[in-house]
Amino acid sequence: MPELDRDAILKQMGIMQWVLRDAKGDESVVQDKTAQSVQAMSDKPAAEEPPAQSASVVEELNQPGPAAEPVRSAQVPESTAQNLDALRNEVAACEACALAQTRTQTVFGAGPDQADWLFIGEAPGQQEDRQGQPFVGRAGGLLTQMVNALALSREQVYVANMLKCHPPDNRDPLPGELFACAPFLRKQIELIQPKVLVALGQISAQALLKSDQPLETLRGQVYQYGANNIPLIVTYHPAYLLRQPDDKGKVWADLLLAHRQIPV
Ligand code: SF4
């Protein structure tokens, strides 16, 4: 990974006055040091950071979440697709949950066939539903800024959602929908082989981690996803940041934490 130019990064992120108090830490012991490093890099007092917790091995997405409503949707079968194009075709034909009746089109994801970074949001919004692409509009623009701040372009990272279809009226995904759609994301991850996963927002974080903890508790730690123990980091959704720009510093700390998980 390239060295990051702090000043350029902060400008990209819209953080004009922000001081790294201690950007040098021993990163060799990831779990013990990451929460400390994130805290040091945060623009907020230390007391606002969540306490360090042990890393948890993230189980496969084969169960509905802890707050799940009765599951009304059949889970899509495990895909045997050999590549992303084949998987995209399976998604396009999917009618496993009721969102198939209201979508304009499926929104599979975007990025190179193999990417070091995989950003995972919750579900396509209205504009995404119209355009068939993830993270367009203002939230998508802010995600692009976040990616650019990492000295990367959107074309170098993969962006996807937990759900491949737009929930009507931009409502939150239902647990049954997340359950139904989970095998598609699981296969996407298997095919893309990312070196780090970034869960954007509370819904995707809770679904991936099988947790009902709030986002503020989940962020600031390194989790491991699946059999290959892919590092997983939690941060705020860009749509939230549009409403709460003061939290950009926390997002930047989370992105630095993710950046450190990628082998040089
Ligand atoms: Fe199928 Fe997922 Fe769309 Fe539901 S959200 S219809 S499971 S692709």
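Refer to the structure above for everything that follows.
Residues numbered from 1 in each chain as written. Predicted model: local features only at pLDDT ≥ 70, side-chain atom pairs only at ≥ 80, totals over all residues. Heavy atoms only, no water.

(A) The site of the ligand, seen in detail. Taken together, C94, A96, C97, A100, R103, K164, C165, A180, C181 and F184 form the complete shell of residues around the ligand. Its atoms largely coinciding with the cavity grid, the ligand occupies the largest cavity. (Near = heavy atom within 4 Å. 1 Å grid on protein atoms, 1.4 Å probe; cavity = no way out; pocket = protein on both sides within 12 Å on 5 of 7 lines; lining within 4 Å. Sits in = over half its atoms within 2 Å of the grid points.)

(B) Broad picture of the pairing of strand β4 (residues 196–200). Burial within β4 is extensive, with five of its five residues counted as buried. Burial along β4 is two-sided: V196, V198 and L200 facing one way and L197 and A199 facing the other are all buried. Pairing geometry for strand β2 (residues 117–121) and β4, over four bridges, is parallel. If you follow L118 over to β4, its bridge partner there is L197. Summarising the sheet, β4 and strand β6 (residues 230–235) pair through four bridges and their orientation is parallel. Paired with L200 across the bridge in β6 is T235. (Buried < 20%, exposed > 50% of the residue type's maximum accessible area, 1.4 Å probe, protein only. Helix = DSSP H or I, 4+ residues; strand = E, 2+ residues; numbered from the N terminus. Pairing = 2+ DSSP bridges.)

(C) Seen up close, the pattern of salt bridges. Considering all chains together, one arrives at eight salt bridges under this definition. K195 is paired through a salt bridge with D116; the nearest N and O atoms lie 3.4 Å apart. Linking K195 in the loop between α6 (175–192) and β4 with D116 in the loop between α3 (84–92) and β2, this pair joins segments that are 79 residues apart in sequence. Among the salt bridges present, the one from R171 reaches E177, with a minimum N-O distance of 2.6 Å. Taking the relative accessible area as the measure of exposure, R171 reaches 28% and is therefore partly exposed. Here the residues in one salt-bridge network are E216, R219, D247, K250 and D254, joined through shared partners. (Salt bridge = Lys/Arg side-chain N within 4 Å of Asp/Glu carboxyl O.)

(D) Representation of the nonpolar core. With 66 residues, the main nonpolar core has W117, F119, L232 and V234 as its most contacted residues. Ranked by residue count, the leading element in this core is α6, at eight residues. Setting aside chain neighbours within four positions, we find L232 in contact with L197, A199, L208, L209, Q221, V222, Y223 and Y225. (Core = buried A, V, L, I, M, F, W, Y, C linked by side-chain atoms within 4.5 Å. Contact = heavy atoms within 4.5 Å.)

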